[in-house]
Amino acid sequence: MNDKTDRTAYLDLDTKDETFLDATELVLNMGPQHPSTHGVLRVILKLDGEKVLGTECVIGYLHRGVEKIGENRTYTMFNPYVDRMDYVAAVSNGLGYCEAVEKLLSVEAPPRAQYIRVILTELCRIASHQVWLGTHALDIGAITPLFYCFRDREEILRIFEKYCGARLTTHAFRIGGCLYETYEGFEEDCKKFCDFFLPKLDEYEELLTTNRIWVKRTKGVGILNPEDCIALGVTGPVLRASGLKWDLRKAQPYESYKNFDFEIPTGLNGDTYDRYLVRIEEMRQAVRIIRQAVDGLPQGPIMAKVPKVIKPPVGEVYHSIEAPKGELGYFIVSDGSTQPYRMRVRPPSFVNLQALDKMVRGLLVADVVAVIGTLDIVLGEVDR
Amino acid sequence: MPEETKEPSPVSPDPDGVKPPSETSAPPTNAPAAKAEAPVAAKPAEPAKPAAAAKPAAPAAAKPAAPPKPEGPKPELWDSEPVSSLRSQYGSGIKEASTYLGQKYLVVDSSILYEILLRMRDEQLFDYCVDITAVHYPKREAQFDIVYVLYSFHHNDRVRVKTQIKDGDSVRSAVEIWPTANWLEREVYDMFGIIFDGHPDMKRILLPDGWKGHPLRKDYPILQQDQEWVQINLGIESGQ
C-alpha cells in the first residue's frame, strides 16, 4: 500500500502514468457475488493499472417492489414489510413508517410509547453500527472486530427478542404507539447493556483507532467535502464526518428526542477514518440517550387512540427520521381509503451509494472495498 | 387566517384518479380531529405556521364527529415572501402554494419547473434535494405528479415542489442543479416511464434494462411481470 503522499499523486487523473509503456484501460467487474460488496452490489470498474478511473453501480438484484406492495396493502398490513428494507436496522424503518402514518392521521404516540421507541431505536442504531464496524473491518483485513461486534450485538438482539419475540425483523412498533408493554426487567436489561457495552466499545477502539494498518487503509481514503455531500444528497454519518453538524434528531426533533441531552459527533476531513470515528462516537451518544430514556421512562398508556381500520384523510405527507444510515423518509399519498395511494420510501443507502463514484476516482481497487464499507449500505434498502 | 375562505377547492387537490370507496364503516373520527394541532415533528424554523395551519381545521372537523364523514385537516394557503416574489414573476405559473399538516408545497406549471427549481436553490437556499418521485393518476388528463422534496440547511425547512405532466411528456432534468437527481430521476423513469430531458444516463436502474413496462403505474397490476424477459433470461415459465 502506498502512503498518503503517494495517494494524492494518484488523484491527478490528467497526467499520464508513465510507468506502463503500453497502458490501456481495463474494465473489471466486481460483484454481484463479491463478499466485500455487502450483498448483491455490482460495481463495474474502469481501471488504469490499479488506479480507478470511474465506476458504474449496477443495482436492483434485490428489488422486491416494496413501494408497489405498499400500494396494495392496508396501512397496518404494510407495517412489517418496512422491516425488510434495511434489515440490520429494522426498528428504525418501522419508526419512520409509523410516524409518517401518524402524521397523516394527526395522531401522536403517548409519551411512554415515545420513550420506548427511542430506547429501541437507539439500541438498533448501536446494532446497525456494530454490523457496519464488523464487516467494514473484515473487508479491510481485521478479523477480530467482526467477532467482537457480533458477540456484543447479541445482547441487543436478546432485548429485542424479549420485548417483541423477534430478533431481526422486529415489527416492534404499531401505528399510534407500541403494541407491547415492556417486559419485566426491561429497564434493568437496558441499563446492564449500557454498562456492559461502553468498555466493549473501548475494546473496539483499542483494536483499530491507533492501529497502523487501519489508519493507513482509512486516512485520506474516499474524501467527501461538505459541498459534495449536500450536492449528492448524502446524509447520516457520512455527511457528519465531512464536518457538517446536521442530524434530524436535533434539526427537526421527532418522538421525544428533544428531551434528551446528546451531542452530534462530526469529523474534520470527511475521509474513511473520520467516518469510523463519527460512528464510534454515535454509539457512545446512543448509550447516553438510552440511559436518559430508561431513567425518565414515564408511566401511562402506550397506544394512542387510533381507529381499528386506518383510513387517513385525503392528503399527502413527507416524514423523515435519522436512521443509522442517514435520512430515511416516507412520502405517503392518501386517497382516503384503507390503502396508501402512493407509498414512497426515500432510502438513505440508495442515495449515499451514488457518491461512490466521486469517492473512489483516482484510488486503488483495494480502496473501493474500503469505501463501499464506509458508506454503510444495505442492499435490501438500496433495491427495495 | 382570512385566506382560508378564499381557497378555491381545498378538499382534494390531487387524487381524482381513484375514488375513495363510499363510507361503509364509520371509524371513530374524533381521534384525528382532536389532535390535529400537534404534529409530531413540528418544524422549529417556522414556529407560527404549523400551529396556525392546523388550528382552524380542528374545530371545523371536531363538530361533525358523529356523522360518518371523516373530514381531515385541509390544506391552508401558504403565503409568505418567497411565494409572493415567485408569484409576481410567474403569475399563474404558480398554481398553488399551500401547507398541509404544516408541510409546505408548491404546485407549478411544468414549463417553468426548471426555473423554479433553480431559483429555489439559488435564491431560497434549498440546497439539498431530498427526493424526487412521481404519483400516477390515470384518470386525470395530466396523469403524473412529479414531486421534488427539497430541504434548506440555512432555514432548516422543507418544501415540496410539484408539477403535473401528461403521459409521454418530459421535463428537464435537474441533474445540473443537484447531482443527486441522477439516480432519483432514473428511478422515476424506471418506475413510471417519465423521461427527463438532458439527463446524462437515462436508463433503468432497479429493473433489468430489457424489461417492458413501468411497475408503479396504476395500470400495472401487482402480479404482472414481463413474462418474455423472465422466460428468456431466467429459463422458467413464470416468476409467479
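Residues numbered from 1 in each chain as written. Chains lettered and ligands numbered in written order. Predicted model: local features only at pLDDT ≥ 70, side-chain atom pairs only at ≥ 80, totals over all residues.

(A) Examining the overall build of chain B more closely. When you go through chain B residue by residue, the secondary structure sums to eight helices and eight strands. Sorting the 240 residues of chain B into buried and exposed places 37% on the buried side. (Helix = DSSP H or I, 4+ residues; strand = E, 2+ residues; numbered from the N terminus. Buried ≥ 20, exposed ≤ 12 C-beta atoms within 10 Å, placed from the backbone.)

(B) The sheet that holds strand E2 (residues 42–48) of chain A, seen in detail. Residue and element names in this part refer to chain A. Taking strand neighbours across the sheet as the criterion, the three strands line up as E1-E2-E3 in an open arrangement whose pairing is antiparallel. Every interior strand has two partners, whereas the edge strands, strand E1 (25–30) and strand E3 (51–58), have only one. Strand-to-strand twist of the sheet, defined as the mean angle between neighbouring strand axes without regard to direction, takes the value 20°. Bridge count for E2 against E3 is seven bridges, and the pairing is antiparallel. Bridge pairing links Arg42 to Val58 in E3. (Pairing = 2+ DSSP bridges. Axes fitted to C-alpha atoms, helices over the stretch in contact; angles between N-to-C directions.)

(C) Main features of the confidence of the model for chain A. Residues with a pLDDT of 70 or more make up 94% of chain A, whose mean pLDDT is 87. Contacts from residues 1–5 of chain A, a stretch scored under 50 in pLDDT, to residues over four places away or in other chains number six contacts. (pLDDT = per-residue confidence, 0-100. Contact = placed C-beta atoms within 7 Å.)

(D) Main features of the pairing of strand E6 (residues 315–323) of chain A. All names here are of chain A. Summarising burial for E6: nine of the nine residues are buried, a large majority. Burial along E6 is two-sided: Gly315, Val317, His319, Ile321 and Ala323 facing one way and Glu316, Tyr318, Ser320 and Glu322 facing the other are all buried. Of the pairings in the sheet, the one linking E6 to strand E7 (residues 326–334) comprises nine bridges and is antiparallel in character. The residue bridging Ile321 from the neighbouring strand is Leu328, located in E7. As consecutive antiparallel partners, E6 and E7 are separated by two residues.

(E) Representation of the sheet that holds E6 of chain A. Residue and element names in this part refer to chain A. Overall, antiparallel pairing links the three strands, which are arranged E6-E7-E8 in an open sheet. Whereas interior strands pair on both sides, the edge strands pair on one side only; in this sheet they are E6 and strand E8 (340–346). Ignoring which end each strand starts from, the neighbouring axes of this sheet average 15° apart. Running over the sheet, helix H4 (residues 90–105) touches E6 and E7 and is turned about 150° from E6.

(F) Highlighting the packing of helix H6 (residues 144–164) of chain A against helix H7 (residues 186–208) of chain A. Residue and element names in this part refer to chain A. Interhelical geometry of H6 versus H7 gives an angle of 170° and a closest axis separation of 10 Å. In terms of orientation, H6 lies roughly antiparallel with respect to H7. Contacts between H6 and H7 pair Thr144, Pro145, Tyr148, Asp152, Glu155, Ile156, Ile159 and Tyr163 from the former with Phe186, Asp189, Cys190, Phe193, Phe196, Phe197, Lys200, Glu203, Tyr204, Leu207 and Leu208 from the latter. Across the contact of H6 with H7, the residue classes tally to 13 nonpolar, one polar and five charged. (Parallel < 35°, antiparallel > 145°, perpendicular 65-115°, else oblique. Nonpolar A, V, L, I, M, F, W, Y, C, P; charged D, E, K, R; others polar.)

(G) Inspection of unusual backbone geometry at higher detail. Positive phi, normally seen in glycine, also occurs at His171 of chain A, with a value near 50°. Looking at the element boundaries, His171 of chain A is found in the loop between H6 and strand E4 (173–174).

(H) View of the nonpolar core. Counting 156 residues, the largest nonpolar core has Val101 and Ile119 of chain A together with Leu150 of chain B as the members making the most contacts within it. Take this core: its biggest share by element is 15 residues, from helix H5 (residues 111–140) of chain A. (Core = buried A, V, L, I, M, F, W, Y, C linked by C-beta atoms within 7 Å.)

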